[in-house]
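One letter stands for each residue in the lines below.
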Amino acid sequence: MSLITLTGIGKSFKVAKRSAGFAEAVKALFVREHTIVEALRDISFTVREGEIVGYIGPNGAGKSTTIKIMCGVLVPDAGACSIMGFTPWKDRVRYVRHIGVVFGQRSQLWWDVPVIDSFELLRDIYAIPPGIYRKNLDMLTEMLSLADILCTPVRQLSLGQRMRCEIAASLLHDPAILFLDEPTIGLDAESKIAVRNFIRTINRERGVTVILTTHDMHDIEALAGRILMIGKGTLLYDGSLSELRSRYGTQKTITVDYKAGASPIDVPGVQCLSWSSGRAVYTFDSDRIDITDLINRLSAGGELADVEIGSPPVDELILQLYKEHRV
Amino acid sequence: MNAPLSLLKMRFLTGLQYRAAAAAGILTQLFFGLIFIMVYVAFYTHNGAAQPMSLKEVVAYVWLQQMFFALIVLWQFDVELFELITGGNIAYELCRPWRLYPIWYAKLLAARLSSASLRCLPVALVVFILPEPYRMPLPTSPAAFLLFTLALLSGLLLVAAISMLVYISVFWTMSPVGSVLMIAVAGEFFAGMIVPVPLMPGWMQTIAGLLPFRWTVDFPFRVYTGHIGVREALAGIGIQMIWLAALAAAGEWLMGRALRRVVVQGG
């Protein structure tokens, strides 16, 4: 059964416009020119309980707008949305009890006071029973290693520490769905991995459905079984990452290290990217060239020390997809 | 603890974090109180004609202004709320299981109560022991004091309802500067913050009577001094309630409209 259903969601914004210059600014004092920007057009998809869905797309594609509509923050101009039986913007107050939200570029913690004070305020706002609060706080403290920073004022935390606290804050009230809008933005490698592991764990162990937007394809690779891609306000792709790989990722690279001086080999359909006496890098289409055959032919050039076959990074796949749809 | 109470607690904690600001506030209040009273003393000494308020009443009026400044001054706005709207953090506000008008209203009350509580007592301790004519007089009767407390508290509710309209206007204007300046100048004057309403010319008193502002400052303070009698005070508290109901209803309705067209600034 689907937990989230969006049908034909559309949203446009009115944007005031004026050209540069003093005369234009004076003119804008009397006559405002507006353009209507269509942020979302006919967006429809469903999400099942327990899924992790990665929502990707270039800047300004409409990712955050979709998330905000699903959180009940924005009211769409067209379409219907049903999440756990609620219409987010109509049943907002009753609905938001069931969701947790992290907007990576904003903070929900009170800046001047220690983290634990913010958590206690959230406990009161959501009227979380003391037992459950205690249990969740202990679990989150342990999983996100917050013990040392709970008593520090938020303004003195590093970005990585703050993001861990933000995520903990969004889960104190046992939400069924977690919306993460760029949760790893600006984090270092260690914090990113900690955040990813945590998201995976709460999804697996507590069955929390996760919708996340990100620009970091490693997030998607590590987490999302399914990706939704949006560009210029329309949904362009809905499917798994491996499907995307098999569709666009047949191009592979092969790096060959030779033991002693070797001579370059020409194989039809294989392109040589670089060649030195010790190492050669080729690229080929794995649909058309058989890998065993290729290695056999390359070994004719000299004794092989090491062979490495690589897929192109997900980033490049996505870029290809963006290009194909001209977004 | 429920959400509004715990917001109040959070406010106090934040306020306590900035002790120097509170101390500076106390000194400012005392300084301005003394200056105002000096001006009135000069005015009353050199102007023989009978005035609608006695000097003693004016002194009480000035000190009440300074003591409860944070409670009733209209232009003390909560920057945090403006930033919620113009900076886009309204997104988080709307993800909480609460209705926005009541909770923002509670936030405004919390901000005023916490900042007043840090200043009121220290100022009171000083002004009750100052030498004459600067000393703060005691209330004329226990009844007057009780009614004053009621009138001051409903004045607080009223001023918060008025300022809610300013916050809501920012959903349309996206900058608090204009609405704050307009309401600050007009409201402060007609509330009697600059000159007590009875000292204004007649036509100006008529305008002040038509607006809600004088019920937040002029009315409670004159109840304290006994300038407004018991029966009149009871009727006045009724009028405060009517204004409060009207302004809160208007605010709630406008807030509903604003949220339907809300735009989260900054993506």
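Residues numbered from 1 in each chain as written. Chains lettered and ligands numbered in written order. Predicted model: local features only at pLDDT ≥ 70, side-chain atom pairs only at ≥ 80, totals over all residues. Heavy atoms only, no water.

Novice: Describe the overall build of chain A, listing the residues and the values that go with them.
Specialist: Helix and strand counts for chain A come out as 11 helices and 13 strands. Scaling as 2.2 N^0.38, a compact globule of 327 residues should have a C-alpha radius of gyration of about 20 Å, whereas chain A reaches 25 Å, well beyond that. Reported as C-alpha extents along the three principal axes, the dimensions of chain A are approximately 70 × 55 × 45 Å. Buried positions account for 52% of the 327 residues belonging to chain A. Sequence-distant contacts in chain A: of pairs separated by 6 or more residues, those separated by 24 or more amount to 71%. Summing over all exposed atoms, chain A offers an accessible surface of approximately 15400 Å²; the carbon and sulfur share of this is 50%. For chain A, the centre of its 37 positive side-chain charges and the centre of its 39 negative side-chain charges are spaced 7 Å apart. (Helix = DSSP H or I, 4+ residues; strand = E, 2+ residues; numbered from the N terminus. Rg over C-alpha atoms; globule rule 2.2 N^0.38 Å. Buried < 20%, exposed > 50% of the residue type's maximum accessible area, 1.4 Å probe, protein only. Contact = heavy atoms within 4.5 Å. Areas by Shrake-Rupley, 256 points an atom, 1.4 Å probe, with all protein chains shown as cover. Lys, Arg positive; Asp, Glu negative; His and termini not counted. Charge placed at Lys NZ, Arg CZ, Asp CG, Glu CD.)

Novice: An account of the environment of G209 of chain B is needed here, citing residue identities and associated values.
Specialist: Checked against the element boundaries, G209 of chain B lands in helix α10 (residues 202–210). A C-alpha to C-alpha distance of 8.6 Å links G209 of chain B and F190 of chain B, two positions 19 residues apart in sequence.

Novice: Describe helix α4 (residues 115–125) of chain A, and please don't skip the residues or the numbers.
Specialist: Of all the 11 residues making up α4 of chain A, nine are buried; the element is thus mostly covered by neighbouring parts of the structure. All of the buried residues in α4 of chain A are V115, I116, D117, S118, F119, L121, L122, D124 and I125 of chain A. In this fold, the buried residues of α4 of chain A make contact with α5 (130–143) and α6 (159–169) of chain A together with α1 (3–17) of chain B. Two residues or fewer after α4 of chain A comes A127 of chain A, characterised by a positive phi angle close to 50°.

Novice: A description of the interface of chain B and chain A should follow, citing residues and the corresponding values.
Specialist: In this complex, chain B contributes 33 residues to the contact, which on the side of chain A involves 29 residues. Interface area, chain B with chain A, both sides summed: about 2700 Å², of which 58% is carbon and sulfur. On the chain B side of the contact with chain A, M10, Y92 and P97 of chain B bury the most area, a combined 26% of that side's loss. Inspection of the region where chain B meets chain A yields zero salt bridges. (Buried area = accessible area lost by both parts, 1.4 Å probe. Salt bridge = Lys/Arg side-chain N within 4 Å of Asp/Glu carboxyl O.)

Novice: I'd like to hear about the sheet that holds strand β10 (residues 251–258) of chain A, residue by residue, with values.
Specialist: Residue and element names in this part refer to chain A. The four strands lie next to each other as β11-β12-β10-β13, forming an open sheet whose pairing is antiparallel. Among the strands making up the open sheet, the edge pair consists of β11 (271–275) and β13 (304–310). On average, each strand axis in the sheet is inclined to that of its neighbour by 20°, with strand direction left out of account. With six bridges joining them, β10 and β13 adopt antiparallel strand pairing. By the bridge assignment, I254 is partnered in β13 with I309. Contacting β10, β12 (279–285) and β13, helix α10 (residues 291–299) runs over the sheet at an angle of about 145° to β13. (Pairing = 2+ DSSP bridges. Axes fitted to C-alpha atoms, helices over the stretch in contact; angles between N-to-C directions.)

Novice: I'd like a description of a positive patch on the surface, backed by residues and values.
Specialist: Where like charges cluster on the molecular surface, the positive patch consists of K14 of chain A together with R257, R260 and R261 of chain B. As for its position among the elements, R257 of chain B is in helix α12 (residues 230–260). Under the relative-accessibility criterion, R257 of chain B is labelled partly exposed at 41%. (Patch = residues over 30% accessible without salt bridge, like charges linked within 9 Å, V, L, I, M, F, W, Y side chains within 5 Å.)

Novice: How would you summarise the nonpolar core if you had to cite specific residues and measurements?
Specialist: One finds I4, F119 and F179 of chain A together with W104 and F171 of chain B to be the most contacted residues of the largest nonpolar core, which totals 165 residues. Residue contributions to this core peak at 16 residues, all from helix α8 (residues 142–173) of chain B. Excluding residues that lie within four positions of it along the chain, I4 of chain A makes contacts with F45, T46, V47, M70, S82, I83, I177, F179 and I211 of chain A. (Core = buried A, V, L, I, M, F, W, Y, C linked by side-chain atoms within 4.5 Å.)

Novice: Break down a nonpolar patch on the surface for me, with residues and values.
Specialist: Residues and elements named next belong to chain B. A surface patch of nonpolar side chains, amounting to about 550 Å² of accessible area, comprises F31, F32, I35, F36, M38 and V39. As for its position among the elements, F36 is in helix α2 (residues 19–46). What makes F36 partly exposed here is its relative accessible area of 33%.

Novice: Kindly report on the confidence of the model for chain B, identifying the contributing residues and their values.
Specialist: All names here are of chain B. Scored by pLDDT, chain B has a mean of 87; 98% of the residues are at 70 or more. Ranking the elements of chain B by mean pLDDT puts α1 last, at 77, and α12 first, at 93. Across the assembled chains, the prediction reports ipTM 0.79 with pTM 0.82. (pLDDT = per-residue confidence, 0-100.)

Novice: Could you give an account of the environment of D117 of chain A, naming the residues involved and the relevant values?
Specialist: Mapped onto the elements, D117 of chain A comes out in helix α4. With near-sequence residues (within four places) excluded, D117 of chain A lies in contact with M10 and L13 of chain B.

Novice: Kindly report on the pattern of salt bridges, identifying the contributing residues and their values.
Specialist: All names here are of chain A. For the structure on display, the rule yields 21 salt bridges over all chains. When the shortest N-O distance is used, the salt bridge between D174 and R206 registers 3.2 Å. Taken together, the residues D174 in the loop between α6 and β6 (177–181) and R206 in helix α7 (residues 189–206) connect sequence positions 32 residues apart. Looking at D174, the relative accessible area reads 35%, which means it is partly exposed. Residues R226 and D238 are paired through a salt bridge, measuring 2.9 Å at the closest nitrogen-oxygen approach. Of this pair, R226 sits in strand β8 (residues 226–231) while D238 sits in strand β9 (residues 234–240), and the two are 12 residues apart along the sequence. Accessibility expressed as a relative area gives 13% for R226, which makes it buried. Taken together, the shared-partner salt bridges in this structure form one network comprising R48, E51, R226 and D238.

Novice: Let's hear about the packing of helix α5 (residues 79–87) of chain B against helix α7 (residues 100–127) of chain B: which residues, and what values?
Specialist: All names here are of chain B. With their axes 10 Å apart at the nearest point, α5 and α7 run at an angle of 145° to one another. Here L81, L84 and I85 of α5 lie close against α7, whose contacting residues are W104, K107 and L108. For the contact of α5 with α7, the residue count by class is five nonpolar, no polar and one charged. (Nonpolar A, V, L, I, M, F, W, Y, C, P; charged D, E, K, R; others polar.)

Novice: Can you lay out unusual backbone geometry for me, pointing to particular residues and giving the numbers?
Specialist: Following E132 of chain B, the chain continues into P133 of chain B via a peptide bond in cis, with omega recorded as 0°. In this structure, P133 of chain B sits in the loop between α7 and α8. The phi angle at K232 of chain A is positive, at roughly 50°, despite the residue not being glycine. In this structure, K232 of chain A sits in the loop between β8 and β9.

Novice: How would you explain the environment of G187 of chain B if you had to name every residue and give the values?
Specialist: All names here are of chain B. For G187, the position within the fold is in helix α9 (residues 176–191). In this structure the C-alpha to C-alpha distance between G187 and T216, which are 29 residues apart in sequence, comes to 9.9 Å. For G187, the residues in contact, after removing those within four places along its chain, are L74, M182 and F213.

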